[in-house]
Amino acid sequence: MAIINCPNCSKRISDQSTFCAHCELPLGEMSQADVARLELRRWRRRVWQSKNVTYAAMTALVVGAIWWWLAEPQGWTLPPPVLPIGLIALGGVAYLAGRVWLFWLKMERNRPRPPRD
Ligand SMILES: [Zn+2]
């Protein structure tokens, strides 16, 4: 008996089980191709999520920069106001995190194999 990750919810389950104990995926009724398809779908969903993180981060950067410009006194004055620079810093960190996550997902060993019937 070995421990595998559920192809749907990625929690740890026994390879002997016919159902995932966490998401009730009927593993016993699934072919290798079905499992590969599920893993591919889950990987694509994560790529989409990581891209959304970077888009939200870029939005935070732009909003933070505009806010800094508009805050009194006007212009990008130093020292920067606390809230806009906080938003910019948060956006920068989130952008990096999203890019690292996307890079990790696209690494060869983390890509699912395409389904073969
Ligand atoms: Zn599951």
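Right above here is the structure, for reference.
Residues numbered from 1 in each chain as written. Predicted model: local features only at pLDDT ≥ 70, side-chain atom pairs only at ≥ 80, totals over all residues. Heavy atoms only, no water.

Caption draft 1: The coordination of the zinc ion, seen in detail. Donor atoms from the polypeptide that coordinate the zinc ion comprise C6 (SG), C9 (SG), C20 (SG) and C23 (SG), at 2.3 Å from the metal. Spacing between the donor residues of the zinc ion along the chain follows C-x2-C-x10-C-x2-C. A residue pair is termed long-range when its members are at least 10 positions apart, and C6 in the loop between β1 (3-5) and β2 (12-14) and C23 in the loop between β2 and α1 (32-70) qualify at 17 residues. Here C6 falls in the buried class, since its relative accessible area comes to 0%. (Donors = N, O, S within 2.8 Å, 3.2 Å for Na, K, Ca; no water. Helix = DSSP H or I, 4+ residues; strand = E, 2+ residues; numbered from the N terminus. Buried < 20%, exposed > 50% of the residue type's maximum accessible area, 1.4 Å probe, protein only.)

Caption draft 2: Spatial organisation of the nonpolar core. C6, I13, C20, L25, L27, M30, V35 and L38 form the largest nonpolar core, which has eight residues in total. Leaving out residues up to four positions away in the same chain, C20 has contacts with C6, C9, I13, L25 and L27. If you look at the next biggest cluster of nonpolar residues, it comprises five residues, including L40, W43, V47 and L105. (Core = buried A, V, L, I, M, F, W, Y, C linked by side-chain atoms within 4.5 Å. Contact = heavy atoms within 4.5 Å.)

Caption draft 3: Examining a nonpolar patch on the surface more closely. A cluster of nonpolar residues, V62, I66, W69, L70 and W76, forms a patch on the protein surface that exposes about 540 Å² of accessible area. Looking at the secondary structure, you find W76 in the loop between α1 and α2 (82-106). (Patch = residues over 30% accessible without salt bridge, like charges linked within 9 Å, V, L, I, M, F, W, Y side chains within 5 Å. Areas by Shrake-Rupley, 256 points an atom, 1.4 Å probe, with all protein chains shown as cover. Salt bridge = Lys/Arg side-chain N within 4 Å of Asp/Glu carboxyl O.)

Caption draft 4: Representation of the environment of E24 within the structure. Relative to the assigned elements, E24 resides in the loop between β2 and α1. Relative accessible area serves as the criterion here: at 60%, E24 is assigned to the exposed category. Distance in space between the C-alpha atoms of E24 and L87 is 41 Å, their sequence separation being 63 residues.

Caption draft 5: Layout of the environment of C9. If you trace the backbone, C9 turns up in the loop between β1 and β2. Expressed as a C-alpha distance, the spacing of C9 and R45, which sit 36 residues apart in the sequence, is 12 Å. In contact with C9, other than residues within four places in its own chain, are C20, H22, C23 and R42.

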